[in-house]
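Results of the structural survey
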Amino acid sequence: MNATQASAPLGGSAPNAAGSVGVAYLLHLADNAVVLGQRNAEWCGHGPILEEDIALANVSLDHIGQARLLYQLAAARMGGGASEDSLAYFRDETAFRNYTLLELPHHGPLVGYAASDRDYAVTIVRNFFYGALMVLVWDALTRSADTDLAAIAAKSLKEARYHLHHAADWVVRLGDGTDESHARAQAAVDHLFRYTEEFWLPSPAETEAVASGIGVEVASLRAAWDALVDETLAEATLSRPAVRGYVPEGKLGRHSEHLGYLLGEMQGLARAHPGATW
Amino acid sequence: MNTPALKEWPLWEVFVRSKQGLEHKHCGSLHAADAAQALHMARDVYTRRQEGVSIWVVPSAAITASNPDDKGELFDPAADKIYRHPTFYAIPDEVGHM
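Cut-offs and rules
- Residues numbered from 1 in each chain as written.
- Chains lettered and ligands numbered in written order.
- Predicted model: local features only at pLDDT ≥ 70, side-chain atom pairs only at ≥ 80, totals over all residues.
- Heavy atoms only, no water.
- Helix = DSSP H or I, 4+ residues; strand = E, 2+ residues; numbered from the N terminus.
- Rg over C-alpha atoms; globule rule 2.2 N^0.38 Å.
- Buried < 20%, exposed > 50% of the residue type's maximum accessible area, 1.4 Å probe, protein only.
- Contact = heavy atoms within 4.5 Å.
- Areas by Shrake-Rupley, 256 points an atom, 1.4 Å probe, with all protein chains shown as cover.
- Lys, Arg positive; Asp, Glu negative; His and termini not counted.
- Charge placed at Lys NZ, Arg CZ, Asp CG, Glu CD.
- Core = buried A, V, L, I, M, F, W, Y, C linked by side-chain atoms within 4.5 Å.
- Buried area = accessible area lost by both parts, 1.4 Å probe.
- Salt bridge = Lys/Arg side-chain N within 4 Å of Asp/Glu carboxyl O.
- Polar contact = N/O pair within 3.5 Å; in protein donor to acceptor, adjacent residues only side chain to side chain.
- Phe/Tyr/Trp six-rings, centres within 6.5 Å; stacked < 30°, edge-to-face > 60°.
- Axes fitted to C-alpha atoms, helices over the stretch in contact; angles between N-to-C directions.
- Parallel < 35°, antiparallel > 145°, perpendicular 65-115°, else oblique.
- pLDDT = per-residue confidence, 0-100.
- Pairing = 2+ DSSP bridges.

Each helix and strand counted, chain A has 10 helices and zero strands in total. At 18 Å, chain A has a C-alpha radius of gyration in line with the 19 Å of a compact globule built from 278 residues. Projecting the C-alpha coordinates of chain A onto the three principal axes gives extents of approximately 55 × 50 × 35 Å. The 278 residues of chain A split such that 54% are buried. In chain A, the proportion of contacts linking residues at least 24 apart, taken out of those at least 6 apart, comes to 82%. Roughly 11900 Å² of accessible area belongs to chain A as shown, and the carbon and sulfur atoms make up 57% of that amount. Between the averaged position of the 20 positive side-chain charges in chain A and that of its 34 negative side-chain charges there is a distance of 4 Å.

Okay, structure coming up:
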C-alpha cells in the first residue's frame, strides 16, 4: 500500500495557501467525498447482510466526515457567509466537481432504477477503484503546502486505507467466488473501468493547486494506482478491460444524468427548510 | 471456484480488549465466511464507538460450553464455601489496595 515516493514536500512555489487559492481544489475533494458518501448511504438498512450493512454505513460516514472538514475549510477561505451547509446543500449539480464515477447508481449500465436492482458488485468495485486512488492522493496531500489540508489528509488516509482494504477484500471474494459472483464482478469492472479515465485528466483546479504546492498531480499516481488495481484484479481472477473513447468530465462540472437525482434527495430537506436544525 | 458456496456463513464469537482493559472480553457474535472477514466485520460492528484496541474472533463451534442442566452439580456446591473468599484475613497496610 506504500506506493509513494520520497517524503519531500509537494512541488510549487507559493507556500502560503491561505486566501481563495485552492478553494476549487478543496471543493473537488469535498464533492467526491460527499457524493460517494451519499450514494453508498443508500445501502443503509438494505445491505446484503447485517455486518456488511454496518460496514458500508461506516465507510459512508467516513466520507461525509471528510467532506465536512473540506467544506468547512473551503467556506472559511471563501468568506461571504459560505458554510459547509451552503456548499453541500445550496449548490446545483453543474457546480459540483466530483468524478462522474462516484455519482453512478449501484447497478450496471442497462438496468432499471428499482432499488432492488442495486448490485453490490458495482458498489464494491467503485469503492475499490476510488479507494485505491484516494490512498495515494491522501498520502501525497499529507505533504501539501496547505497545512490545514495536510492535516485533513493525514486523518483521511487512515480511513481510505481501511476503505481500500474492505473493498479489495470483497473484490477478491466476489471475483474468485462462485460463477455468478465472478460474472457480476467482471461486469461491474467492465462497466466502471472506463470512468476511471477521468482520474488522470487534469482539471484547471488541479493544475492551479499543483502549481501552488497545495495539490497532487494525479497523473503522477497512475502507475501506483495501476499496480494496486492490477494486483487485486489478478488475485480476484478478474480481467481489466481495454478502455478508449469518451472520458467523463464530472470534475469539470459536466455530469451524468444521475447526479441531479442524487442531489435532489440529499438537498431536498435543507432547501425546503433552510436553516433548520434537528 | 471449486469449493461450493456456503449457504450460511459460520458464526464467530467476538472478544474485544478496551484501551484500559487487561483482557479481551466477550462482546457478541457475528456471521462471516472466514476468520479474516470475521475480524473485519468485528471491527465494523463492535468497535465503532472506540470500544477497543484489539480484537479476537473464535469460531463459535470451537467453544465447548457447560450444559445448563448440570448447573446444580457444577455450581451449587460452592455456595456454602464462603471461606474460599479471602475475606477472613487482615490485610497488612503495606499491601495497599487489592
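Our focus in this paragraph is the nonpolar core. In summary, soluble globular proteins display a tendency toward joint burial of nonpolar side chains. All names here are of chain A. Among the nonpolar cores identified, the biggest contains 90 residues, and F129, W138 and W225 are the most heavily contacted of them. No other element matches the 17 residues that helix α5 (residues 120-141) contributes to this core. When sequence neighbours within four positions are dropped, the list of residues in contact with F129 reads L101, V189, L192, F193, T196, F199, W225 and V229.

This part covers the interface of chain B and chain A. Every contact between the two is made by 15 residues of chain B and, on the other side, 18 residues of chain A. Counting the surface lost from both chain B and chain A, the interface buries some 1400 Å², and carbon and sulfur atoms represent 58% of this. Seen at the junction of chain B and chain A, the total is one salt bridge. Where chain B packs against chain A, one counts five residue pairs in polar contact (both at pLDDT 80 or more). Of all the elements in the fold, those that place two or more residues in the side of chain B that touches chain A are β2 (25-31) and α1 (35-46) of chain B. At seven residues, α1(B) tops the list of elements feeding residues into the side of chain B that touches chain A.

All names here are of chain A. Here the structure, examined in full by the defined rule, presents 10 aromatic pairs over all chains. Where W43 meets Y120, the ring centres are 5.1 Å apart and the plane angle is 85°; that geometry is what we call edge-to-face. A residue pair is termed long-range when its members are at least 10 positions apart, and W43 in the loop between α1 (23-41) and α2 (50-78) and Y120 in helix α5 qualify at 77 residues. The pair formed by W43 and Y120 is uniform in burial state, with each residue classed as buried. Seen in terms of ring centroids, F128 and F129 are 5.8 Å apart; in terms of plane orientation they differ by 40°. Their pairing is tilted.

Before going further, it helps to examine the pattern of salt bridges. Residue and element names in this part refer to chain A. The full count for this structure, using the stated rule, is 21 salt bridges over all chains. Close ionic contact of D31 with R91 constitutes a salt bridge, the shortest N to O distance being 2.5 Å. You can see D31 sitting in helix α1 and its partner R91 sitting in the loop between α3 (84-89) and α4 (100-103), a full 60 residues away along the chain. The same class applies to D31 as to R91, namely buried.

Another aspect to go through is the packing of helix α6 (residues 147-175) of chain A against helix α7 (residues 179-192) of chain A. All names here are of chain A. At their nearest, the axes of α6 and α7 sit 7 Å apart, and the two run at 125° to each other. Overall, the two elements α6 and α7 adopt an arrangement that is oblique. Contact with α6, carried on its side by R173, L174 and G175, involves S181, H182 and A185 of α7 and no other residues of that element.

Residues and elements named next belong to chain A. In the predicted model, chain A carries a mean pLDDT of 91, and 90% of its residues have values of at least 70. Contacts for the low-pLDDT stretch residues 1-6, under 50 throughout, to residues beyond four places or in other chains number nine contacts. Across residues 11-18, confidence stays below pLDDT 50; counting only partners more than four residues off in sequence or on other chains, it has 15 contacts.

Time to look at the sheet that holds strand β1 (residues 11-17) of chain B. Residue and element names in this part refer to chain B. Pairing in this open sheet of three strands is antiparallel, and the strands run β2-β1-β3 from one edge to the other. Both edges of this open sheet fall to β2 and β3 (54-59), since each of them pairs with a single strand only. When strand polarity is set aside, the average angle formed by the axes of neighbouring strands in this sheet is 30°. Its contacts with the sheet put α1 on β1, β2 and β3, and the angle it makes with β2 is roughly 115°.

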